[in-house]
Structure formats: C-alpha cells, structure tokens
Amino acid sequence: MKSKILVFTVLFSCLTVFGFANAKNPLFFNPKPENGIISIKKSQLSKDAAFINYKAGDITVQLIVVIADDNTYRVSFNTCQSCNPSPKAYFVQKGKKLICQNCGNQFTMNDVGKASYGCNPARIPFTETATELSISTEVLEKVAPAFKRWQGRTE
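So, here's what we can say about the structure. Keep in mind the model is a prediction, meaning the values are calculated, not measured.

## Here we look at the sheet that holds strand β3 (residues 50-56)
Read from one edge of the open sheet, 5 strands run β1-β3-β4-β5-β9, paired in mixed fashion. Taken across any chain shown, the strands that pair with only one partner, and hence form the sheet edges, are β1 (27-29) and β9 (121-123). Taking the axes of each pair of neighbouring strands and ignoring which way they run, one obtains an average angle of 35° across the sheet. In this structure, β3 lies alongside strand β4 (residues 59-67), joined through 7 bridges in antiparallel fashion. Bridge pairing links lysine 55 to threonine 60 in β4.

## A closer look at the nonpolar core
By size, the foremost hydrophobic cluster in this structure holds 25 residues, and its most contacted members are Leu45, Val61, Leu63, Phe77, Ile135 and Leu140. Of all the secondary structure elements, the ones that give two or more residues to this core are β2 (37-41), β3, β4, β5 (73-80) and β11 (132-136). If you tally residues by element for this core, the top one is β4, at 5 residues. When neighbours within four sequence positions are excluded, phenylalanine 77 is seen to be in contact with Val61, Gln62, Leu63, Ile64, Pro121, Ala122, Arg123, Ile124, Val139, Leu140, Val143 and Phe147. Counting 15 residues, the second-largest nonpolar core is a separate cluster that includes Cys80, Phe91, Phe107 and Met109.

## Some words on the sheet that holds β11
Strand pairing in a sheet is mediated by backbone hydrogen bonds. Such pairs are either parallel or antiparallel. Pairing is antiparallel in the open sheet, where 3 strands are placed in the order β2-β11-β10. A single partner strand is all that each edge strand has here, and the edge strands are β2 and β10 (127-128). Pairing analysis gives 5 bridges linking β2 to β11, with the strands arranged antiparallel. In the sheet register, lysine 41 faces β11, and the bridge partner there is glutamate 132.

## Focus on the packing of aromatic side chains
In total, this model carries 5 aromatic pairs according to the counting rule given. Geometrically, the ring pair formed by tyrosine 90 and tryptophan 150 is edge-to-face, given 5.8 Å between the ring centres and 65° between the ring planes. Placement of tyrosine 90 in the loop between β5 and β6 (91-94) and of tryptophan 150 in the segment after α2 (137-143) is noted, with a sequence separation of 60 residues between them. Using a relative accessible area of 15% as the deciding quantity, one classes tyrosine 90 as buried. We classify tryptophan 150 as buried; its relative accessible area is 10%. Connected via pairs of aromatic rings, a cluster forms that spans Phe77, Tyr90, Phe147 and Trp150.

The rules behind each value
Residues numbered from 1 in each chain as written. Predicted model: local features only at pLDDT ≥ 70, side-chain atom pairs only at ≥ 80, totals over all residues. Heavy atoms only, no water. Pairing = 2+ DSSP bridges. Helix = DSSP H or I, 4+ residues; strand = E, 2+ residues; numbered from the N terminus. Axes fitted to C-alpha atoms, helices over the stretch in contact; angles between N-to-C directions. Core = buried A, V, L, I, M, F, W, Y, C linked by side-chain atoms within 4.5 Å. Buried < 20%, exposed > 50% of the residue type's maximum accessible area, 1.4 Å probe, protein only. Contact = heavy atoms within 4.5 Å. Phe/Tyr/Trp six-rings, centres within 6.5 Å; stacked < 30°, edge-to-face > 60°.

Next comes the structure, spelled out in structure tokens:
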C-alpha cells in the first residue's frame with residue numbers, strides 16, 4: 001500500500017512540474033467603457049490570444065485580440081458564426097490555433113479578424129493608436145444577442 005502511495009505521489013509531482021506548471025493560462029481582460037469606447041493596451045497583448053469581456057446588460061460579449069505573425073493587431077468576436085447560437089460556439093486556444101468548441105474547426109492567430117462570414121472568428125472594426133486599440137461599444141451592443149446562449153470561459 002505504501003508503494004502505491006509513493007508511486008502516486010511521484011506521478012502527481014511529475015504532472016505538476018512538467019504538465020500543469022508549464023500550461024499557459026489564457027489572458028482575460030474586462031476594460032471599462034469610457035465615452036462609448038473600450039480600450040485595450042497594446043502592451044498587454046502578444047501572439048497568444050487575449051480574451052476581452054464586455055458586459056452588454058446581462059450578456060457578456062467576448063472578443064479575441066492577438067498580434068499576428070506580420071505584427072498587425074487582429075480583433076474578432078469569440079463566437080463561431082456558423083455554429084451560433086450553440087452555447088459552445090466559441091474558440092479556445094490550443095497551441096498556436098483557435099478551435100471552435102462546437103464544430104472543431106481550427107484557425108491560426110493570423111486568421112483572427114480576416115473574414116466576416118462562415119465558421120471563423122468574425123472581424124470587428126477598431127481604431128489603433130501607438131499604445132491602444134479602441135472598439136466602439138455600439139458595435140458590441142448590436143452583436144450582444146448572438147452571445148445570449150454563449151457559454152465560453154470569461155476568467
């Protein structure tokens with residue numbers, strides 16, 4: 001019995017050190033709107049997906065923001081247009097890809113915000129300064145009904 005406990009302890013320790021400790025946690029941000037705009041600091045962004053939450057009443061609208069390989073900023077809604085209104089019509093990053101949790105389609109970070117149709121993370125218009133990306137809350141409010149059944153992670 002003691003040897004089983006020892007084996008379990010060693011295995012758990014290895015998983016903790018080599019598995020969980022090296023897992024990258026996604027970044028979630030909840031910017032406060034000011035004058036009908038939400039702003040995201042460029043210094044918070046990377047080539048991994050950042051997930052931006054916006055509250056439209058009691059509905060959370062989530063965005064994906066990433067720096068593409070060509071160093072341009074990409075912004076999209078975190079919902080699969082083809083799979084919506086499924087509660088699982090959202091993307092999760094696995095490695096360097098975003099995967100729809102409903103249909104399994106995969107996209108690279110370079111595909112974020114490139115298209116506005118079909119099964120992909122849909123483009124959002126934004127403005128850019130030297131330090132920030134800005135998005136109109138009017139755009140987010142209009143799309144909020146598409147997130148009514150959405151069950152993606154927000155933190």
